[in-house]
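# Summary of the model geometry
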Amino acid sequence: MASSTTTVSNAGPSTGSRSFLSRLWDGDEIARIVTFLFAATVVLITVLLVLQLWHDSSLPRHKFGLSFFVTRVWDPIAEQFGALPFIYGTLFTAAVALLLAVPLGLGSAIFLAELAPQKISDTLQFFIDLLAAVPSVIYGLLGMFVVVPVMRVYIQPALKHSLGFLPLFQGPAFGVGFLTAGIVLAIMVIPYIISVSREVLLSVPRDQREAALALGATRWESTWKVVVPFARTGIMGSIFLALARALGETMAVTMVIGNTPTISASLFSPGYSIAAVIANELTEATGEVYFQALVELGLVLFLVTFILNGLARLMMVLTTQKGSGMGQV
Amino acid sequence: MSPRLRWRKFVSNFMLTLTGVCAAVSVSALFFVLGYLVYNGGTSINWDFFTKLPVPVGEVGGGMANAIVGSAKLLLLASLFGVPIGFLGGIYMAEFSNSTVAFVVRYAADLLNGVPSIVIGIFAYAVAVLPFKHFSTLAGAFALGLMMIPITLRSTEEFLHGVPRALREASMALGASKWKTIAAVVVPAAYRGIMTAILLALARVAGETAPLLFTALGNQYWSPGLRQPTASLPAMIYAYALSPYDDWHRQAWAAGLVLLALILIVNIFARAILSRGGTVLR
Amino acid sequence: MHASVRQAVSVNINPTTVTPSREAATPATMRMNINKVNFFYGSKQTLFDVSMGIATSKVTALIGPSGCGKSTLLRTLNRMHETVRGARLDGEILLDGKNILAQDVTQLRRRVGMVFQRPNPFPKSIFDNVAYGLRINGSKLPIADAVEKSLRHAALWDEVKDHLHKSAYELSGGQQQRLCIARALAVEPEVLLLDEPCSALDPISTAKIEELLVQLKDLCTIAIVTHNMQQAARVSDSTAFLLMGQLVEFSPTPHMFTTPSDPRTEAYITGRFG
């Protein structure tokens with residue numbers, strides 16, 4: 001039957017022998033085109049985003065070039081823009097955050113993967129997942145009204161008293177500053193380290209652990225010297241993920257860092273981060289150079305998190321490959 | 001037992017206990033957050049909070065009705081923008097695409113997902129605010145919708161892939177066309193997973209403040225229509241927290257409690273549905 | 001029936017019915033003794049009243065169909081069953097007359113080593129794999145010497161001596177398994193347990209390891225689980241046949257494979273069930 005061509009070709013790609021119009025009316029082809037357009041929109045939006053960041057930062061890029069990254073002065077009135085204080089603040093707080101979050105997160109992940117019975121491990125992981133769902137502004141709220149006073153009244157004076165000979169712990173204690181921001185960030189990124197590390201540790205083959213125990217190792221020795229090294233690529237990936245998160249955090253940081261473009265070795269000093277300065281100044285930016293300098297900062301943030309996320313994904317891929325290729329004859 | 005072995009066993013027990021302490025500390029953070037919100041904001045949650053507008057600066061009282069409605073409007077619009085793109089794009093990925101196109105789209109989605117929310121804000125500002133020369137609810141919804149796209153797309157793709165081949169083949173064997181199979185069989189089979197993923201995306205986006213600072217901005221009053229700035233819960237929390245007024249601080253805590261409670265409830269609900277369905281959520 | 005019962009009994013008590021070159025387990029010294037062991041996974045019992053001995057400087061094989069409990073039994077000998085939640089053991093297991101269940105488990109596992117079914121070297125170099133146990137437990141010899149000694153005992157030294165710092169994963173499957181044997185030997189265990197060590201290997205590697213086991217007898221007592229009866233016949237001095245968690249027969253290997261006392265043993269050996 002001549003009409004059967006339209007019904008039979010539903011399952012596969014349409015053949016060239018059908019007329020253009022009949023193909024156009026075919027439900028499958030329409031569905032394919034329509035859904036393709038939506039999928040393509042995603043790519044389009046992403047491309048547009050990158051282009052916009054690049055285009056809207058061209059003035060300062062041409063004007064300042066690479067010196068943008070090493071100049072300290074951020075003077076909108078004189079139209080001199082140097083990103084160093086913000087880069088410094090972003091990196092410094094991220095470093096503090098990781099220094100606190102990695103041991104705590106890895107330790108928790110080890111507990112959840114190696115020691116806790118399955119039900120407890122799953123329940124605790126559930127709470128950790130909820131922790132990851134808490135919005136940044138609420139961490140900021142707690143940071144401002146709970147952490148900052150505690151820092152100002154108890155912790156910072158105590159640190160000054162005991163370790164004040166180090167430049168890290170000098171200067172007046174306001175409560176806000178690099179240390180406080182680092183602490184709040186640490187709490188925000190711990191869930192990422194825990195979830196990913198726990199998963200990777202759980203996927204280490206049983207017989208690695210057993211081989212270590214069978215040699216007379218204690219439980220800690222088998223965990224720390226065999227299981228964790230086996231999972232180290234995945235754990236590294238989780239740290240990159242956490243770092244990417246920490247660098248891009250805006251609200252919580254701007255609420256506790258002090259928002260002053262200072263470069264100081266002291267943890268107690270107020271500072272500024274890239275995300276915070278964009279948040280505070282973008283809509284107030286008078287003049288095209290000012291505006292574009294902030295966009296350029298956004299571009300920098302984008303590139304750095306892009307690279308870190310890419311590396312983290314790479315590590316995940318490497319981990320799964322390792323798991324499947326182990327001990328094969 | 002040799003002294004060396006005794007030491008090793010001591011170290012083992014000590015370190016393992018330490019990991020337990022780490023886990024306890026990490027989990028307790030959640031309860032600290034909840035605890036402080038309840039303690040500081042619980043008493044401020046009253047009928048006024050949900051129904052009244054903010055009162056002028058310096059006065060006591062009032063509520064956040066406009067912020068609640070504003071957030072609801074923003075989320076609804078954001079879904080209308082982001083979910084269809086993600087959903088239909090996900091259908092393309094799972095059902096029609098070849099591996100090259102799929103790779104490119106997936107890469108773009110992952111890239112978009114990893115963009116810090118402040119940078120999404122910059123983009124939305126440049127595209128949806130500057131050309132029109134004013135802040136608006138639409139711009140805010142655009143920014144939030146952008147953030148919903150990658151999650152929706154990847155989840156749709158994943159859950160559709162999870163539908164067994166046999167189901168599709170049974171439908172096609174009965175003479176249904178591909179798109180009919182997708183619409184009537186595959187999507188309904190994956191429906192639960194996709195819905196919960198969308199809910200989780202909403203929960204995540206509901207708490208976002210940074211992109212709204214440049215798009216919806218804020219508003220002390222109602223925001224009629226879509227083309228004016230609007231208040232939202234996260235932006236209100238931020239503004240009130242930064243203010244010097246104790247009463248506004250009190251309200252910020254209350255708003256924080258309401259926001260977090262909603263987000264956590266959606267999260268718990270969504271995960272419970274997913275786990276009952278036998279799926280593990282990443 | 002009457003005669004075979006008597007024969008079954010006499011085999012276990014009277015060694016002279018067996019060929020003189022291999023003695024029955026009973027009069028030789030027993031490095032380990034398993035007394036009335038019952039084993040449970042949760043509420044399910046998987047070993048029923050098992051009693052036997054592992055003779056010093058001899059190879060004892062455990063054979064039986066899948067699921068008969070031979071691996072379970074082997075793993076009780078170095079208390080590896082304790083790594084699984086819900087596992088419970090009733091009974092006594094003696095090492096040199098002392099109950100291992102009452103001792104410190106870390107110390108026990110240095111004395112009773114294990115090689116697993118699939119080669120599982122650590123993600124370290126060949127050298128560091130063998131040295132791992134030495135570094136943890138302490139070593140009488142300098143580590144490099146102890147590593148060489150173990151690799152020689154595992155018949156692997158000549159193949160790897162110039163590549164000690166390469167990753168263990170670059171070795172072939174058979175070499176990796178010999179590396180695991182070297183790793184286990186490095187801590188100088190008194191007993192070495194092998195759980196189907198050749199099941200993931202090719203025939204040539206298998207032959208190499210079987211040759212190795214016969215030589216290793218002088219170094220330590222060996223207990224090996226195998227589903228390959230020919231292997232048991234080739235390498236072991238005594239064989240224990242388990243069926244559904246029960247020890248059906250335990251006798252010198254030549255006797256077991258030529259004139260088994262129990263009809264079930266005979267049925268298994270002749271391949272009537274797997």
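Residues numbered from 1 in each chain as written. Chains lettered and ligands numbered in written order. Predicted model: local features only at pLDDT ≥ 70, side-chain atom pairs only at ≥ 80, totals over all residues.

### Some words on the environment of S26(B)
Stated precisely, the cut-off is as follows: Helix and strand definitions here come from DSSP, where helices need a minimum of 4 consecutive H or I residues and strands a minimum of 2 consecutive E residues; each element is numbered from the N-terminal end. Residues with at least 20 neighbouring C-beta atoms inside 10 Å of their own are called buried, those with 12 or fewer are called exposed, and the rest are partly exposed, where every C-beta is derived from the backbone. This entry defines residue contacts through backbone-placed C-beta atoms, with two residues in contact when those atoms are within 7 Å.
Position of S26(B) relative to the elements: it lies in helix α1 (residues 3-41). We classify S26(B) as buried; it has 26 C-beta atoms within 10 Å. On a C-alpha basis, the gap between S26(B) and A176(B) in space is 52 Å, while along the polypeptide they are 150 residues apart. Beyond its immediate stretch of four places on either side in the chain, S26(B) contacts L104(A), S108(A), I128(A), I190(A) and I194(A).

### Things to note about the nonpolar core
So the rule is basically this: Defined on buried residues, the nonpolar core groups Ala, Val, Leu, Ile, Met, Phe, Trp, Tyr and Cys residues joined through C-beta atoms within 7 Å. For every domain, the bounds stem from an assignment made automatically or drawn from a database.
By size, the foremost hydrophobic cluster in this structure holds 278 residues, and its most contacted members are V189(A), I193(A), V256(A) and I237(B). Both domains that meet at this core, namely domain 1 (4-54) and domain 2 (84-324) of chain A, each give it at least three residues. Excluding anything up to four places from it in sequence, I193(A) contacts A101(A), V102(A), G105(A), L106(A), A109(A), S238(A), I239(A) and A242(A).

### Description of the interface of chain C and chain B
To be explicit about the condition: Under the convention adopted here, Pro, Cys and the residues Ala, Val, Leu, Ile, Met, Phe, Trp and Tyr are nonpolar, Asp, Glu, Lys and Arg are charged, and Gly plus all remaining residues are polar.
Taken together, the contact pairs four residues of chain C with four residues of chain B. Here the residues of the side of chain C that touches chain B are counted per class, giving no nonpolar, three polar and one charged.

### Some points on the confidence of the model for chain B
Our working rule: A score from 0 to 100, pLDDT tells how confident the predictor is in each residue.
Confidence along chain B averages 90 in pLDDT terms, with 98% of residues attaining 70 or more. When mean pLDDT is taken per element in chain B, helix α5 (residues 117-129) of chain B scores highest with 95 and helix α2 (residues 47-51) of chain B scores lowest with 83.

### Side note on the pairing of strand β3 (residues 59-63) of chain C
Residues and elements named next belong to chain C. Just so we agree on the cut-off: Pairing between strands is defined by DSSP: at least two bridges between the two strands are required.
Of all five residues making up β3, five are buried, and the element is well covered by its neighbours. Both faces of β3 are covered, namely the face carrying V59, A61 and I63 and the face carrying T60 and L62. By the bridge criterion, four bridges tie β3 to strand β8 (residues 221-225) in an arrangement that is parallel. Bridge pairing links L62 to V225 in β8. Here β3 pairs with strand β9 (residues 238-243) via four bridges, running parallel.

### Considerations on the sheet that holds β9(C)
Residues and elements named next belong to chain C. We apply this condition: In this analysis, axes come from line fits to C-alpha atoms, helices being fitted only over the stretch in contact, and the angle between any two N-to-C directions falls in the range 0 to 180 degrees.
Taken together, six strands build an open sheet; the order of strands is β6-β7-β8-β3-β9-β10 and the sheet is mixed. Of all strands in the sheet, those bounded by a partner on one side alone are β6 (112-115) and β10 (246-252). Between one strand and the next, the sheet's axes are offset by a mean angle of 20 degrees, whatever the strand orientation. Strand direction decides the pairing type here: strand β7 (residues 191-195) and β8, joined by five bridges, are parallel. Each bridged residue has a counterpart across the sheet, and for L192 the counterpart in β8 is I222. Along the sheet face, helix α7 (residues 173-186) touches β6 and β7 and points at about 170 degrees away from the line of β6.

### Considerations on the packing of helix α4 (residues 99-114) of chain B against helix α6 (residues 137-161) of chain B
Residue and element names in this part refer to chain B. Stated precisely, the cut-off is as follows: Note on angle classes: values under 35 degrees are labelled roughly parallel, values over 145 roughly antiparallel, values of 65 to 115 roughly perpendicular, and the remainder oblique. A crossing counts as left-handed when the near helix is turned anticlockwise from the far one by less than a right angle, and as right-handed when that turn is clockwise.
At a minimum axis separation of 8 Å, α4 and α6 run at an interaxial angle of 140 degrees. By the criterion of interaxial angle, the relationship of α4 to α6 is oblique. Note that α4 runs across α6; the crossing there is left-handed. Together, A109, D110, L112 and N113 of α4 and I149, P150, I151, L153 and R154 of α6 make up the contact between the two elements. In the contact of α4 with α6, the residues fall into six nonpolar, one polar and two charged.

### Re the interface of chain A and chain B
Each partner contributes residues to the interface: chain A has 66 residues there, and chain B has 71 residues. For the side of chain A that touches chain B, the element with the highest residue contribution is helix α3 (residues 27-55) of chain A, accounting for 16 residues. For the side of chain A that touches chain B, a count of residues per class yields 44 nonpolar, 17 polar and five charged.

### Observations concerning the sheet that holds strand β5 (residues 98-99) of chain C
Pairing is antiparallel in the open sheet, where four strands are placed in the order β2-β1-β4-β5 (chain C). Every other strand in the sheet has two partners, leaving β2 (44-55) and β5 of chain C as the edge strands with one partner each.

### Observations regarding α1(B)
In plain terms, the rule: Helix span, as expected, comes to 1.5 Å for every residue beyond the first. Bend, at a single residue, is the angle you get between axes fitted to the 7 residues ending at that residue and the 7 residues starting at it.
Here α1(B) is 39 residues long and its end C-alpha atoms lie 56 Å apart, about the 57 Å a rise of 1.5 Å per residue gives. Helix geometry: α1(B) is bent most strongly at A29(B), by close to 25 degrees. R8(B), T19(B), C22(B), A23(B), S26(B), V27(B), A29(B), L30(B), V33(B), L37(B), N40(B) and G41(B) are the residues of α1(B) that are buried. Tucked inside the fold, the buried residues of α1(B) contact α5 (84-115), α6 (118-133), α7 (136-163), α8 (178-202) and α10 (219-230) of chain A together with α11 (246-276) of chain B.

### What about the confidence of the model for chain C?
Mean pLDDT over chain C stands at 86; residues scoring 70 or higher make up 89%. This stretch, residues 1-26 of chain C, has a pLDDT under 50; its non-local contacts, to residues over four places away or in other chains, come to 30 contacts.

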